[in-house]
Amino acid sequence: MKLLHLDSSILGDASASRQLSKAVVEAWSVASPGVQVTYRDLASDALSHFSAVSLVAAGTPAELRDAAQRHETELAERTLEEFLAADAIVIGAPMYNFAIPSQLKAWIDRIAVAGKTFKYTENGVVGLAGGKTVVIASSAGGVHAGLPSGQAHEDYLVRMLNFVGIDDIEIVRAEGLAYGDEPRAEAMKGAAQRISELFATA
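Only a predicted model underlies this, so the values are computations on that prediction, with no experimental measurement involved.

Reading guide: rules and limits
Residues numbered from 1 in each chain as written. Predicted model: local features only at pLDDT ≥ 70, side-chain atom pairs only at ≥ 80, totals over all residues. Heavy atoms only, no water. Helix = DSSP H or I, 4+ residues; strand = E, 2+ residues; numbered from the N terminus. Contact = heavy atoms within 4.5 Å. Polar contact = N/O pair within 3.5 Å; in protein donor to acceptor, adjacent residues only side chain to side chain. Phe/Tyr/Trp six-rings, centres within 6.5 Å; stacked < 30°, edge-to-face > 60°. Buried < 20%, exposed > 50% of the residue type's maximum accessible area, 1.4 Å probe, protein only. Lys NZ or Arg CZ within 6 Å of the ring centre and 35° of its normal. Patch = residues over 30% accessible without salt bridge, like charges linked within 9 Å, V, L, I, M, F, W, Y side chains within 5 Å. Areas by Shrake-Rupley, 256 points an atom, 1.4 Å probe, with all protein chains shown as cover. Salt bridge = Lys/Arg side-chain N within 4 Å of Asp/Glu carboxyl O. Pairing = 2+ DSSP bridges. Axes fitted to C-alpha atoms, helices over the stretch in contact; angles between N-to-C directions.

Student: Would you mind going over the environment of Arg173 with me for this structure?
Tutor: With respect to the secondary-structure elements, Arg173 resides in strand β7 (residues 168–175). Taking the C-alpha atoms as reference points, Arg173 and Ser21, 152 residues apart in sequence, are found 10 Å from one another. Residues contacting Arg173, with those up to four places away along its chain left out, are Ser138, Ala145, Glu154, Ala187 and Ala191. A polar atom in the side chain of Arg173 sits 2.8 Å from the side chain of Glu154.

Written out as structure tokens, the structure is:
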């Protein structure tokens, strides 16, 4: 099994989402010996944001691309290929200002590609990247899950994954982390329990 592990927090080792995503990958590796893990740190090795340059590069014949355009297309192709090759994905997703980090949004913009991961038909959108399992390691300073304030965080990620055909999605959540030491400890304990439950029968 090929597992793609993504982190997007800017907090390094102090990040709750990084701790959770690492714990998920470790549990998955124990449950599925031999799993091949590809790791991408979207914060320290950030993708450039989708832009007019991206569109121009994609629309320029390979032999006519300049160095910047070649770099842009190679980046886009590598990111998409990693996503398509993965059987499973672990996404570290902290909440920043009621949304996912812009670094994670940049990754989403690279994997949501018409004709590759979704297509439009006369009956609506059809996702083309199904068959994958995703675990979202979600963290937030406040409490937002299931509330309007969380729509651009977990809800958005689930919606985008559904859009490209992925519906096998689990969420490991630690929220209320900014409410004090005891609430933070309880939230992380609950997330750890959730991870144990996910892989107890794997």
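Student: Would you explain the packing of aromatic side chains in this entry?
Tutor: Two measures describe an aromatic ring pair: the distance that separates the ring centres and the angle between the ring planes. In the structure shown here, the tally under the stated rule is 4 aromatic pairs. Ring centres of Phe118 and Tyr120 lie 5.5 Å apart, and the angle between their planes is 85°; this geometry places the pair in the edge-to-face category. Under the relative-accessibility criterion, Phe118 is labelled buried at 8%. A ring pair is formed by Phe118 and Phe163, whose centres lie 4.6 Å apart and whose planes are at 50°; its orientation type is tilted. Linking Phe118 in strand β4 (residues 118–121) with Phe163 in helix α5 (residues 154–163), this pair joins segments that are 45 residues apart in sequence. An aromatic cluster is present here, built from Phe118, Tyr120 and Phe163 joined pairwise through their rings. Residue placement shows Lys132 over the ring face of Phe83; its charged tip is 5.2 Å from the ring centre.

Student: How should a nonpolar patch on the surface be read in this particular structure?
Tutor: Taken together, the side chains of Val143, Leu147 and Tyr179 present a nonpolar region at the surface, about 290 Å² in accessible area. If you trace the backbone, Leu147 turns up in the loop between β6 (133–140) and α5. Note on Leu147: relative accessible area 40%, which makes it partly exposed.

Student: Would you mind showing me how to read the sheet that holds β6 here?
Tutor: Where strands meet in a sheet, backbone hydrogen bonds hold them as pairs that are either parallel or antiparallel. The sheet built from 5 strands is open, its strands ordered β2-β1-β3-β6-β7 with parallel pairing. Both edges of this open sheet fall to β2 (36–41) and β7, since each of them pairs with a single strand only. In this sheet, adjacent strand axes meet at a mean angle of 15° when their direction is disregarded. Across 7 bridges, strand β3 (residues 88–94) lies against β6 in parallel orientation. Note that in β6 the partner of Ile89 across the bridge is Val134. Running over the sheet, helix α6 (residues 181–199) touches β6 and β7 and is turned about 160° from β7.

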